[in-house]
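Per-entry structural report
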Amino acid sequence: ITLGAALVKSGGHEHFHNLQAQIGCSPQNDISEKPDLWLTEGTAEYFGWQAAMAFGISPGNYQRFISSGKARQAEVELRAYEYYSPQLGAQYQLWVAAVGYLVEDISSPAAWVTYCRARGQRIEWRTAFQSAFGLTTDEFYDRFSEWARR
């Protein structure tokens, strides 16, 4: 991708973290305390990619990124990234694939706002997830795993 598109993607990602903080989705400052790491980081990266595609990056680049995330699911399951683990490292492709599936196939970006507002009220993340997206995290992990195998 071009330098301009990369800057837009990175800027979109970081700006989205600001939005997350404003509506309550990122109540902790220490990454090791975030119980919903894949969702917090994956959503920021997902919207960074959306900004880059609006800037003109080819959707094919995004699809390749998603494909590599789907392949990563076969190696390490998404549920392993509920909390930060230095042994596992960051897996943005996997996280973006999960968020893309969640907001495009399961629900909508509006459900993410509902989730963040609940988190801002200190509602436990799995409870907030089920309320916002209409399924438990375990149900989502199972569906995502099946989707990623396709």
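Residues numbered from 1 in each chain as written. Predicted model: local features only at pLDDT ≥ 70, side-chain atom pairs only at ≥ 80, totals over all residues. Heavy atoms only, no water.

**Here's the deal with the overall build of the protein chain**
Within the protein chain one finds seven helices and zero strands. Listing the helices and strands of the protein chain from first to last along the sequence gives α-α-α-α-α-α-α. Computed over C-alpha atoms, the radius of gyration of the protein chain comes to 15 Å, within 12% of the 15 Å expected from 2.2 N^0.38 for 150 residues, which places it in the range of a compact globule. Seen through its principal axes, the protein chain has C-alpha atoms that stretch 40 × 35 × 30 Å. Partitioning the intrachain contacts of the protein chain with sequence separation of at least 6 by distance along the chain shows that 70% fall at a separation of at least 24. In the form shown here, the protein chain has an accessible surface area of approximately 7,400 Å², with 50% of it arising from carbon and sulfur atoms. (Helix = DSSP H or I, 4+ residues; strand = E, 2+ residues; numbered from the N terminus. Rg over C-alpha atoms; globule rule 2.2 N^0.38 Å. Contact = heavy atoms within 4.5 Å. Areas by Shrake-Rupley, 256 points an atom, 1.4 Å probe, with all protein chains shown as cover.)

**Regarding the environment of Asp138**
For Asp138, the location among the structural elements is in helix α7 (residues 137-149). Of the residues examined, Asp138 reaches a relative accessible area of 44% and is grouped as partly exposed. Of the polar contacts made by the side chain of Asp138, one reaches the side chain of Arg79; its length is 2.9 Å. (Buried < 20%, exposed > 50% of the residue type's maximum accessible area, 1.4 Å probe, protein only. Polar contact = N/O pair within 3.5 Å; in protein donor to acceptor, adjacent residues only side chain to side chain.)

**Regarding unusual backbone geometry**
For Arg122, which is not glycine, the phi torsion reads 65 degrees and is therefore positive. Inspection of the secondary structure puts Arg122 in the loop between α5 (109-120) and α6 (125-133).

**So, the side chain of Arg72**
Mapped onto the fold, Arg72 is located in helix α3 (residues 59-75). Excluding anything up to four places from it in sequence, Arg72 contacts Tyr81, Gln91 and Leu94.

**Observations concerning the packing of aromatic side chains**
Applying the stated criterion across every chain yields a total of 22 aromatic pairs. Relative to Trp147, the ring of Tyr101 has its centre 4.9 Å away and its plane inclined at 25 degrees; by these criteria the two rings are stacked. In this pair, Tyr101 sits in helix α4 (residues 92-106) while Trp147 sits in helix α7, placing the two residues 46 residues apart along the sequence. According to the relative accessible area criterion, Tyr101 is buried, its value standing at 7%. Look at Trp147 and you get buried, because its relative accessible area is 13%. (Phe/Tyr/Trp six-rings, centres within 6.5 Å; stacked < 30°, edge-to-face > 60°.)

**A word on the environment of Trp38**
In this fold, Trp38 is placed in helix α2 (residues 37-55). Apart from the residues within four sequence positions on either side, Trp38 is in contact with Thr43, Leu78, Tyr81, Glu82, Trp95, Ala98, Val99, Trp125, Phe129, Phe140 and Tyr141.

**Some remarks on the nonpolar core**
Residues Trp38, Leu78, Tyr115, Phe129, Phe133, Phe140 and Phe144 are the most contacted members of the largest nonpolar core, which totals 42 residues. Listing elements by their share of this core, those giving two or more residues are α1 (3-23), α2, α3, α4, α5, α6 and α7. A total of nine residues in this core trace back to one element, the largest contributor, which is α4. If sequence neighbours within four positions are ignored, Phe133 has contacts with Leu102, Ile106, Ser107, Ala111, Trp112 and Tyr115. (Core = buried A, V, L, I, M, F, W, Y, C linked by side-chain atoms within 4.5 Å.)

**Quick look at the packing of α1 against α2**
Where α1 contacts α2, the axes come no closer than 7 Å and their chain directions differ by 135 degrees. Here α1 is positioned oblique relative to α2, judged by the angle of their axes. As for the relative orientation of α1 and α2, their crossing is right-handed in sense. Of the residues in α2, those touching α1 at Gly4, Ala5, Val8, Lys9, Gly12, His13, Phe16, His17 and Gln20 are Thr40, Glu41, Thr43, Ala44, Glu45, Phe47, Gly48, Trp49, Ala51, Ala52 and Phe55. Of the residues assigned to the contact of α1 with α2, the class counts are nine nonpolar, eight polar and three charged. (Axes fitted to C-alpha atoms, helices over the stretch in contact; angles between N-to-C directions. Parallel < 35°, antiparallel > 145°, perpendicular 65-115°, else oblique. Left-handed = near helix turned anticlockwise from the far one by under 90°. Nonpolar A, V, L, I, M, F, W, Y, C, P; charged D, E, K, R; others polar.)

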